[in-house]
Amino acid sequence: MKRTNVEFLIVGLGNPGKEYVYTRHNIGFIVIDRLFEKIGILKWGKKYKGFFCSGNIGGSSFALLKPLTYVNLSGESVISAFNSLSLTSSQLLVIYDDVDLPIGEIKFRRGGSAGGHNGIENIIYHFNSNDFFRLRIGIGPRIKNVDLKDYVLSNFTETEINELEKILDNIVEILIQCIKFGPIKTQNIYKKLL
């Protein structure tokens, strides 16, 4: 297998289509798009069953991926990119929504269960391992008497968008540091933000 020069792959989970753009389940896409805008000079292409681009920051090469398989089948896209780029588990970070965390709260860790998230469950299935980094972003608390599927596919309220705006720049900075220094060192530097 040909070795690529990509050192770090950042994946944001979400659903393709205009009707899903501002839904809670698409926070992974929202973060990746913000990072894409911040870095600039990148160009999206369709590859690995998703939107894919690669670049370099401070001598560190990276790639961004937005799977177009819909959240529940995210593993198909992620494993395709992961294998083609010849990466190790420490070179993968997946960004996704978490209904069990308050809106805007961030958790950054390696490994663990899917926690009921079908996209992460599908990635674990395709990898046959849970050993990769995750950045979970709170979209809760879930509204009582509302079906989970309906809740995650509902749009953020204006108040919630304002709350997310306060943390998006911090998340993007964390991701840039992950690219430059790796996720373990970044975790130690940014514990106060997580």
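All values derive from a computational prediction rather than experimental measurement.

The rules we used
- All chains use their own residue numbering, which begins from 1 and follows the written sequence.
- Totals for whole chains, interfaces and linings use all residues, but because this is a predicted model, local features are given only for residues with pLDDT of at least 70 and pairs of side-chain atoms are given and counted only at 80 or more.
- Values reported for side chains reflect all heavy atoms of the structure, with hydrogen atoms and water molecules removed beforehand.
- Joining through side-chain atoms within 4.5 Å is the link that ties buried Ala, Val, Leu, Ile, Met, Phe, Trp, Tyr and Cys residues into a set, and such a set is a nonpolar core.
- Using a 1.4 Å probe on the protein chains alone, a residue whose accessible area is under 20% of its type maximum counts as buried, one over 50% counts as exposed, and one in between counts as partly exposed.
- Comment: elements are numbered from the N terminus, with helices defined as DSSP H or I runs of at least four residues and strands as E runs of at least two.
- Contact between two residues is taken to exist if any of their heavy atoms lie within 4.5 Å; hydrogens are not considered.
- For two strands to be treated as a pair, DSSP must find no fewer than two bridges joining them.
- Our arc is simply the arc of the directions from the helix axis toward the C-beta atoms.
- Multiplying one less than the number of residues by 1.5 Å gives the expected span of a helix.

Caption draft 1: View of the nonpolar core. Ranked by size, the top nonpolar core spans 36 residues in total, and within it I10, L64 and L175 carry the most contacts. Contributions of two or more residues to this core are made by α1 (27-39), β3 (50-57), β4 (60-67), β5 (92-102), β6 (106-110), β7 (133-140), α4 (148-152) and α5 (158-181). Tallying contributions element by element places α5 first for this core, with 10 residues. Each residue touching L175, except ones within four places of it in the same chain, is listed here: I10, V31, L35, L93, I95 and L135. Of all hydrophobic cores here, the second largest spans 22 residues; its members include L9, L13, A63 and F82.

Caption draft 2: Quick look at the pairing of β3. Sheet analysis places strand β2 (residues 45-47) next to β3, joined by 3 bridges and oriented antiparallel. In the sheet register, K47 faces β3, and the bridge partner there is G50. Hairpin connection from β2 to β3: 2 residues lie between these consecutive antiparallel strands, with Y48 at a positive phi of about 55°. Two elements, β3 and β4, share 8 bridges in a ladder whose sense is antiparallel. Residue pairing for β4: G55 is matched across the bridge by F62.

Caption draft 3: Seen up close, helix α3 (residues 118-127). The set of residues buried in α3 consists of G119, I120, N122, I123 and F127. Seen end-on, α3 carries its buried residues on one side only, within an arc spanning 160°. Of the residues trailing α3, N128 is marked for its positive phi of about 55°.

Caption draft 4: Region of interest: α1. Relative to the 18 Å expected for 13 residues at 1.5 Å per residue, α1 spans 18 Å between its end C-alpha atoms, a close match to the ideal helical length. Burial in α1 covers these residues: I27, G28, F29, V31, I32, R34, L35, F36 and I39. Check the buried side of α1 and you find it contacts β1 (9-12), β3, β4, β5, β7 and α5.

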